[in-house]
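Descriptive structure summary
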Amino acid sequence: MKKAFRKIHLWLSVPFGLIITVICLSGAALVFEDEVTELCRRDLYYVEKVSGAPLPVEYLIEKVAGTLPDSVAVTGVSISSDAERAYQVNLSKPRRASVYVDQYTGEVKGRHERAPFFLTMFKLHRWLLDGMKPDGGIFWGKMIVGVSTLMFVFVLISGIVIWWPRTKKALKNSLKIAVGKGRRRFWYDLHVAGGMYALVLLLAMALTGLTWSFSWYRTGFYKVFGVEMKQRAGHGALQTVHGTPQTVHGALQTVHGGKSGRNSSEEGRGNREHTSPYACWQQVYEELKARNAGYKQITVSNGSASVSFERFGNQRAADRYAFNPQDGEITEVTLYKDTDASGKMRGWIYSVHVGSWGGMFTRILTFIAALLGGTLPLTGYYLWLRRIRLI
């Protein structure tokens, strides 16, 4: 059986090895993207001096809106619990665009833009620099990444069978990396022991990553965990969550049951709507801040808001609220624990894939595992070429 698995291990590794190296190394480069970006552009993401109380949200958004072209609108504002972090004002386009503003001075600090290096790494990791065809043709880059990742799963599993030691002494020796016993022994130990140390995390990254490559795999993955997969709406399109139509990525929500018929506040609301669509956002933010001690970030958009916390597990977990855009009254609350299982699964898949589920510790382990995963095909090529006497 080991002979059969050696052949499987070899003949799957040879054609897909270099692609696996590219996927793993580009993935490792993305693990600490946020930290590196904020370190290089601290002036954008942080305020220079914390002084007094922050300016009203409405005023800050109007400042940002005044710098935008007519085709771009403000869709929301994200406020961190860290008083030194600038407010993030989210824009309607391009996708995931945002502008940072100093909440104490009103200075528009600039637009968030993904660094060219990390953008290249992302495209390399997901699509091998390919792009989606406007005519609906085959997305070859995505297909190749998906097939290579699937083959990587079989390579890792076959590697376990080949490695499996028969005695405790053999187990102990197989997990050592000898440095002073020659080049070939070092590369062999790095390939075998390094692969075993990184095995669990590499399998976790590969198995979760495949959910973005193949719809059939994604459906099966969800079913394994007993979750019925729900189709997500495209960017800016409406989807239904617990009966409330809402848009993806912070676009406008329609809140049913809003008390728009109150005669006593009709005139005031009309004046506010005429003045600014953001008039009650400050009120909503203050109320959610008071309700949620220990929050990490509060995001408010027109008719909807979310509150996230600093905790282990699903890093996309958030409590969600709906409010009347006219008077700021909160009309609906959906706590994360009550969120549908499909939404929770998406967040867990992402958190496991990038290693953020356990905080900085698991992210460091994921980074190391991805680096080791990138070396496995290279050390494997070296050992194979030595064996057939080509080097």
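In what follows, the structure referred to is the one given above.
Computed from a predicted model, the values in this text were never measured in an experiment. (Residues numbered from 1 in each chain as written. Predicted model: local features only at pLDDT ≥ 70, side-chain atom pairs only at ≥ 80, totals over all residues. Heavy atoms only, no water.)

**Points about the overall build of the chain**
Put simply, the rule reads: The secondary structure listing takes helices from DSSP runs of H or I that are at least 4 residues long and strands from runs of E that are at least 2 residues long, numbered from the N terminus. Summary of the burial criterion: residues with accessible area below 20% of their type's maximum are buried, those above 50% are exposed, and those between are partly exposed, where the area comes from a 1.4 Å probe applied to protein chains only. In this description, contact between two residues means that some pair of their heavy atoms is separated by no more than 4.5 Å.
Tallying secondary structure elements over the chain gives 13 helices and 10 strands in all. The 391 residues of the chain split such that 42% are buried. Considering only contacts in the chain between residues 6 or more positions apart, those separated by 24 or more positions represent 57%.

**Points about a nonpolar patch on the surface**
Spelled out, the test is: Only residues whose relative accessible area exceeds 30% and that form no salt bridge are eligible for patches; like-charged ones are grouped when within 9 Å, while nonpolar side chains (Val, Leu, Ile, Met, Phe, Trp, Tyr) are grouped when within 5 Å. Here the open area of atoms and residues is found with the Shrake-Rupley method and a 1.4 Å probe, where only the protein chains shown may cover a residue. Any Lys or Arg side-chain nitrogen located within 4 Å of an Asp or Glu carboxyl oxygen qualifies as a salt bridge.
Together, Ile138, Trp140, Met143, Ile144 and Val147 make up a nonpolar patch on the protein surface, roughly 440 Å² of accessible area in all. Position of Ile138 relative to the elements: it lies in the loop between helix H5 (116-127) and helix H6 (140-163). A residue is classified by how much of its surface remains accessible, and Ile138, at 47% relative accessible area, is partly exposed.

**What about the pattern of salt bridges?**
According to the stated counting rule, one finds eight salt bridges in the structure shown. The salt bridge partner of Asp189 is Arg185, with a shortest N-O separation of 3.0 Å. Placement of both Asp189 and Arg185 in helix H8 (residues 183-209) is noted, with a separation of four residues, approximately one turn of the helix. The class of Arg185 is partly exposed, set by a relative accessible area of 35%. The shortest N-O distance in the salt bridge between Lys337 and Asp338 comes to 3.5 Å. Its relative accessible area of 42% is what places Asp338 among the partly exposed residues.

**Focus on the sheet that holds strand E7 (residues 295-301)**
The following threshold applies: When DSSP finds at least two bridges between two strands, those strands are taken to pair. Each axis is a line fitted through C-alpha atoms, and for a helix only the stretch in contact is used; angles between axes span 0 to 180 degrees, taken between their N-to-C directions.
On the basis of which strands lie adjacent, the open sheet formed by eight strands has the order E4-E3-E2-E1-E7-E8-E9-E10 and antiparallel pairing. Two strands bound the open sheet, and with one partner strand each, they are strand E4 (108-112) and strand E10 (330-334). Strand-to-strand twist across the sheet, computed as the mean angle between neighbouring axes with direction ignored, equals 20°. Strand direction decides the pairing type here: strand E1 (residues 74-80) and strand E2 (residues 87-91), joined by four bridges, are antiparallel. Its bridge partner lying in E2, Val77 is registered against Val89. Each of E1, E2, strand E3 (98-101) and E4 is contacted by helix H4 (residues 57-65), which is oriented at about 130° to E1, the strand it contacts most. Docked against the sheet, helix H11 (residues 281-291) engages E1, E7, strand E8 (304-309), strand E9 (319-323) and E10, running at close to 155° with respect to E7.

**Observations regarding the packing of helix H1 (residues 2-30) against helix H13 (residues 360-387)**
Rule in force here: Roughly parallel covers angles under 35 degrees, roughly antiparallel covers those over 145, roughly perpendicular covers 65 to 115, and oblique covers all other angles. Two helices that cross are described as forming a left-handed crossing if the nearer one is turned anticlockwise from the farther one by less than a right angle, and a right-handed crossing if clockwise. Under the scheme applied, nonpolar residues are Ala, Val, Leu, Ile, Met, Phe, Trp, Tyr, Cys and Pro; charged residues are Asp, Glu, Lys and Arg; polar residues are all the others, including Gly.
Here H1 crosses H13 at 150°, and the two axes come no closer than 8 Å. The angle between H1 and H13 places the two elements in the roughly antiparallel class. Handedness of the crossing formed by H1 with H13: left-handed. Contacts between H1 and H13 involve Leu10, Trp11, Ser13, Val14, Gly17, Leu18, Ile20, Thr21, Cys24, Leu25 and Ala28 on the former and, on the latter, Phe367, Ala370, Leu371, Gly373, Gly374, Pro377, Leu378, Tyr381, Trp384 and Arg387. Here the contact of H1 with H13 is composed, by residue class, of 15 nonpolar, five polar and one charged.

**Quick notes on helix H9 (residues 215-224)**
The line we're drawing: Directions from the helix axis toward the C-beta atoms define the arc.
Taken as a whole, H9 has its buried residues at Tyr217, Phe221 and Tyr222. Looking straight down H9, one finds its buried side chains confined to an arc of 135°; they lie on one side. Exposed and facing more than 90 degrees away from the buried side of H9 are Trp216 and Lys223. Residues of H9 that are buried sit in contact with H8 and helix H12 (341-354). With its phi angle positive at about 70°, Gly226 sits one or two positions after the end of H9.

**Observations regarding the pairing of E4**
The pairing of E3 with E4 spans four bridges and is antiparallel. Bridge assignment links Ser98 to a residue of E4, and that residue is His112. Taken together, E3 and the strand that follows it, E4, pair antiparallel across an intervening segment of six residues, in which Gly106 is found at a positive phi of about 85°.

**Notes on H5**
To keep things clear, this is the line we draw: How far a helix is expected to stretch is found by multiplying one less than its residue total by 1.5 Å.
Across its 12 residues, H5 extends 16 Å between first and last C-alpha, which sits within 8% of the 16 Å expected from 1.5 Å per residue. Considering only its buried residues, H5 is in contact with H1, helix H2 (33-40), H6 and H12. A positive phi of about 55° marks Leu128, the residue just after H5.

Everything listed is a geometric property; what it means functionally is a separate question.
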